[in-house]
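# Summary of structural features
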Amino acid sequence: MTHTITIIPGDGIGPEISAAMRMVVDATGVKIDWEVQEAGADVMEKYKTPLPEVVLESIRRNKVAIKGPITTPVGKGFRSVNVALRKALGLYACLRPCYSIKGVRSRFSDIDLVIVRENTEDLYAGIESMIDDDTAESIKRITRSASRKIAKFAFEYARTEGRKKVTAVHKANIMKCSDGLFLEAAGQEAALYPDIEFNDRIVDNMCMQLVQKPELYDIMVLPNLYGDIISDLCAGLIGGLGIAPGANIGDDAAVFEPTHGSAPKYAGLNKVNPTALILSSVLMLKHIGEKDASDRVLNSVKEVIGEGKTVTYDLGGSAGTREMAEAIATRV
Ligand code: NAD
């Protein structure tokens, strides 16, 4: 069977790591018809939008996409393409497994955490404005329905993956209404899953706990902003953004992408680590039912990193993006 998958190379380092990922996935022998679609700053001129409708149509049709990072201008210019994509396709769940890989330098060696981040609301809804010259306002909107939906996703994921505990992360002591609602909704969902342990943590305390005793945690479910921040914290625990994969999942489509951004200063240098996107393809292959190929890619990544000979600068080596991907593809 041939799978048709949309691929968005993205900006900055995106095209290099996308080519690297494609080489590795093609080495599995799984038949994939890659439908290349462009989004981001470079297509602005041609389409007058950084997210052309044709890209969304392609993902809606194929139901699966994998993408490189896309730059979001700070303060001015277009809003985030990534946020718009997640919203337009109803990709309500951002899944980011963070696990230690032998051979990666980190103060921690046994991390096994999963982040489940709500992807559609909270401060990312972009409801903000200048009230007057002195005052800017950003609205944090949380709904019971979206909060229950993301909590259900976390509990269902726990069941399918044989995991034991879900922790809801919030700041309900201060934002009693919005985060209070998120926490209440997570608790309502938890009651339907008596086989999975449930607890909650205030987000600042969660940051400290993750650094001091990460082994106490398993799956975390969080509103959008805390999920974004804790994702980078957890990437730090496992040795950096270069190895942190992710997926955005909805009822009708899924888009796989690394946690990291477009790292513009490294663009075109054949320098950055392709692993985060390659590990995102591990999630993608599993999602499309190619479990054996998914396992082979994961094991090959682990072997190449474990050996430490053909790895990029962030893992202490001197290999380029392409060379590291070739080493992984050869094992696959
Ligand atoms: P970034 O993740 O792009 O890079 C931060 C630093 O992390 C880099 O300078 C580099 O040292 C390291 N790093 C990142 N990826 C790496 C890799 N693959 N290998 C080795 N080291 C790596 O974060 P930033 O600089 O804050 O963001 C750059 C742009 O990316 C911004 O415009 C931001 O909005 C965008 N962004 C996009 C996405 C996405 O497309 N989903 C996600 C995050 C950020």
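Residues numbered from 1 in each chain as written. Predicted model: local features only at pLDDT ≥ 70, side-chain atom pairs only at ≥ 80, totals over all residues. Heavy atoms only, no water.

## Description of helix H11 (residues 321-331)
Defined as follows: Partly exposed describes any residue whose relative accessible area lies between the buried limit of under 20% and the exposed limit of over 50%, with all areas from a 1.4 Å probe on protein chains only and scaled to the type maximum. What counts as a helix is a DSSP run of H or I of at least four residues, what counts as a strand is a run of E of at least two, and both are numbered from the N terminus. Contacts are assigned to residue pairs with any non-hydrogen atoms lying within 4.5 Å of each other.
All of the buried residues along H11 are Thr 321, Met 324, Ala 325, Ala 327, Ile 328 and Ala 329. In this structure, the buried residues of H11 make contact with helix H1 (14-27), helix H9 (275-287) and helix H10 (291-307).

## Focus: unusual backbone geometry
Notably, Lys 63 is not glycine yet its phi reads approximately 70°, a positive angle. Within the secondary structure, Lys 63 sits in the loop between helix H3 (53-62) and strand S3 (64-67). Here the phi dihedral of Asn 270 falls at roughly 50°; this positive angle occurs in a residue that is not glycine. Positionally, Asn 270 belongs in the loop between strand S12 (254-256) and H9.

## Details of H1
The condition that has to hold: By this rule the span expected of a helix is its residue count minus one, scaled by 1.5 Å.
Here H1 is 14 residues long and its end C-alpha atoms lie 20 Å apart, about the 20 Å a rise of 1.5 Å per residue gives. For H1, the set of buried residues is Gly 14, Glu 16, Ile 17, Ser 18, Ala 20, Met 21, Val 24 and Val 25. Packing partners of the buried residues in H1 comprise strand S1 (3-8), strand S2 (32-36), S3, H9, H10 and H11.

## Quick look at the sheet that holds strand S5 (residues 112-118)
Note the cut-off: The pairing criterion is simple: DSSP has to find at least two bridges between the two strands. Lines are fitted to the C-alpha atoms to define the axes, a helix being fitted only along its stretch in contact, and any angle between axes, read from their N-to-C directions, falls within 0 to 180 degrees.
The mixed open sheet is built from ten strands, whose spatial order is S2-S1-S3-S12-S11-S4-S5-S10-S8-S9. In this open sheet, the two edge strands, each paired with only one partner strand, are S2 and strand S9 (197-202). Pairs of neighbouring strands in the sheet enclose a mean axial angle of 25°, with direction left out of account. Examined bridge by bridge, strand S4 (residues 93-99) and S5 share seven bridges and lie antiparallel to one another. Residue pairing for S5: Pro 97 is matched across the bridge by Val 114. The strands that H3 touches are S1, S2, S3 and S12; relative to S1, the one it contacts most, it runs at about 150°. Taken strand by strand, helix H8 (residues 224-237) contacts S4, S5, strand S8 (165-170) and strand S10 (219-222), and its axis lies near 160° from that of S5.

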